[in-house]
Amino acid sequence: MLLSLFKIREWIINSIPKSLRVGITAGIGLFLALIGLKNAGIVVASPGTIITLGDITQFSPVMACLSLLLILGLAYRGFKGAVLTAIVVVSGIGLLAGDIAFQGIYSAPPSLEPVVGKLDIMGALKPEMLGVIVAFMFVNLFDTTGTLIAVGDKAGLADEHGKMHNMNRAMVTDGTASWAGAMMGTPTVTSYVESASGVAAGGRTGLVAVTVGVLFLLCMFLSPLAAMVPAYATAGALIYVAVLMAGSLANIDWNDLTEAGPVLITAIMMPLSFSIANGIALGFIAYPLVKLLAGRTSEVSISMWILATLFVLKFIFFGI
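Presented here is an overview of the structure given in this document.

Parameters and conventions
- Residues numbered from 1 in each chain as written.
- Predicted model: local features only at pLDDT ≥ 70, side-chain atom pairs only at ≥ 80, totals over all residues.
- Heavy atoms only, no water.
- Helix = DSSP H or I, 4+ residues; strand = E, 2+ residues; numbered from the N terminus.
- Buried < 20%, exposed > 50% of the residue type's maximum accessible area, 1.4 Å probe, protein only.
- Contact = heavy atoms within 4.5 Å.
- Expected span 1.5 Å × (residues − 1).
- Polar contact = N/O pair within 3.5 Å; in protein donor to acceptor, adjacent residues only side chain to side chain.
- Axes fitted to C-alpha atoms, helices over the stretch in contact; angles between N-to-C directions.
- Parallel < 35°, antiparallel > 145°, perpendicular 65-115°, else oblique.
- Left-handed = near helix turned anticlockwise from the far one by under 90°.
- Nonpolar A, V, L, I, M, F, W, Y, C, P; charged D, E, K, R; others polar.
- Core = buried A, V, L, I, M, F, W, Y, C linked by side-chain atoms within 4.5 Å.

A few points about the side chain of Thr145
Then, in step 1: Along the chain, the position of Thr145 falls in helix 7 (residues 130-154).
Then, in step 2: Residue Thr145 is classed as buried on the basis of its relative accessible area, which comes to 3%.
Then, in step 3: If near-sequence neighbours (up to four positions away) are discounted, Thr145 is found in contact with Ile13 and Ile16.

Here's the deal with helix 14 (residues 276-293)
Then, in step 1: Compared with an ideal rise of 1.5 Å per residue, which puts 18 residues at 26 Å, helix 14 spans 26 Å between its outermost C-alpha atoms and is within 8% of the ideal.
Then, in step 2: The element helix 14 is largely enclosed, with a buried count of 13 among its 18 residues.
Then, in step 3: Capping the start of helix 14, Ser275 holds a side-chain oxygen 3.3 Å from the backbone nitrogen of Ala277, two or three residues further along.
Then, in step 4: Positive phi appears at Gly295, one or two residues downstream of helix 14, with a value of about 75°.

Digging into the packing of helix 3 (residues 18-40) against helix 13 (residues 257-273)
For any two helices packed against each other, one specifies the crossing angle of their axes together with the interaxial distance.
Then, in step 1: The N-to-C vectors of helix 3 and helix 13 enclose an angle of 25°; their axes lie 7 Å apart at closest approach. In terms of orientation, helix 3 lies roughly parallel with respect to helix 13. Along this stretch, helix 3 crosses helix 13, giving a crossing that reads as right-handed. Judged by residue contacts, Ser19, Leu20, Gly23, Ile24, Ala26, Gly27, Ile28, Leu30, Phe31 and Leu34 of helix 3 engage Glu259, Pro262, Val263, Thr266, Ala267, Met270 and Pro271 from helix 13.
Then, in step 2: Grouping the constituent residues of the contact of helix 3 with helix 13 by class yields 12 nonpolar, four polar and one charged.

Points about the nonpolar core
The nonpolar side chains of a soluble globular protein tend to be buried, and buried together.
Then, in step 1: Ranked by size, the top nonpolar core spans 56 residues in total, and within it Ile28, Phe142, Ile280, Phe284 and Phe311 carry the most contacts.
Then, in step 2: Broken down by element, the residue count for this core peaks at nine residues, all from helix 12 (residues 231-246).
Then, in step 3: Contacts of Phe311, omitting those with residues within four sequence positions, involve Phe138, Phe142, Ile280, Ala281, Phe284 and Ile285.

Note that all results are geometric; they support no functional claim without further evidence.
Set out below in structure tokens:
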């Protein structure tokens, strides 16, 4: 939150070249696609090839493909509820087929008493915890940064220079949510990359976010109903959003290797390292080094050199 209040996070975002912003957007799209494919069982782990095609004749992959086809077809026709309709239809088929079972509608949320305020601050301040804290901070900081850039870009909130106005408001909100969520005993609260699906459906304003927040609160009491939605029903939505976000790569000058190389490194390393932060870090390191070797250091800002150095130090001393 302090990094946001002192506008350090805004400085970081404004330091990112436009090409790397495109790489971040596309990379998050590819990351979403991998998550969707994995959740549906379309791709699975393989000891020989790391990843391989799963048994796509099984019910889950077939339903995921149906979900994606429904979304693509309806979205092309301009149907605003394409994503939600596909999720409901595929979930209904799963229910009729006996793949999912009706678990009820209402359930009181569990008590927060065991976790609220149960922080060990003094334990976290021990010297041996410094590496853990710094590593977590980097992941939280740059996962959120990448998410805000990608979702804001797809929402059309960026100007011709790739800058987004009032970005710091979102960052302060995110920073506040991080410590407030910790006080409540939750995992780190951060911007949700799947928000891009809401943007794809037409969401652009803060009212959309408030509405979604209220609906999430209601889901606390409707958890049995929400839990019935299978992963393969939402896999199509994730892949659909990936299609939209990967389209930003068309804006890259692929003949300029000093731009195209770092962009591809940023985009491809997000799904391959299963980390938005790692993809951003490697792209930030590659960009100034490639420009240096090409004799085009005048195109690299001082802030990019500082950030690239920080990422190198982070990998050396704190690993991934």
